[in-house]
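Coordinate inspection notes
Spelled out, the chains give:
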Amino acid sequence: MKKVKISFSKPVKLNRHEPVTEVIIDKTVSEGHNSIERDIQYILCNAMSDMRYKGLKSFNVEIIE
């Protein structure tokens, strides 16, 4: 798994960016110190919190590569 796309039913804020409706994690160009699994876990935990407290209805995770 090198590239993952996560789409949200409405814009969400991930504690470090302006609200987004789609996130693509690409470890082939990223210099991040976290693994792709850790980055996905971070985003999905925030998405589940937004589902409970901020009205997010759904999110979709797609493995691109």
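Anyway, here's the lowdown on the structure attached to this text. (Residues numbered from 1 in each chain as written. Predicted model: local features only at pLDDT ≥ 70, side-chain atom pairs only at ≥ 80, totals over all residues. Heavy atoms only, no water.)

**Details of the environment of Ser-35**
Basically, it comes down to this: Where helices and strands are cited, they refer to DSSP runs of H or I of at least four residues and of E of at least two residues respectively, numbered from the N terminus. Burial classes: relative accessible area under 20% of the type maximum marks a residue as buried, over 50% as exposed, and values in between as partly exposed (1.4 Å probe, protein chains only).
Summarising the element assignment, Ser-35 is placed in the loop between strand 2 (20-26) and helix 1 (36-53). For Ser-35, a relative accessible area of 37% translates into the label partly exposed. Measuring from C-alpha to C-alpha, the distance between Ser-35 and Phe-59 comes to 21 Å, with 24 residues separating the pair along the chain.

**Details of the nonpolar core**
We apply this condition: What makes a nonpolar core is a set of buried Ala, Val, Leu, Ile, Met, Phe, Trp, Tyr and Cys residues whose side-chain atoms join them at distances within 4.5 Å. Two residues qualify as a contact provided that any one of their heavy atoms is within 4.5 Å of a heavy atom in the partner residue.
Ranked by internal contacts, the top residues of the largest apolar core, which has 13 residues, are Ile-6, Phe-8, Val-23, Ile-25, Ile-40 and Ile-43. Breaking this core down by element, the ones donating at least two residues are strand 1 (3-12), strand 2 and helix 1. Top element by residues in this core is helix 1. It accounts for five residues. With near-sequence residues (within four places) excluded, Ile-25 lies in contact with Lys-2, Lys-3, Val-4, Ile-6, Ile-36, Asp-39, Ile-40 and Ile-43.

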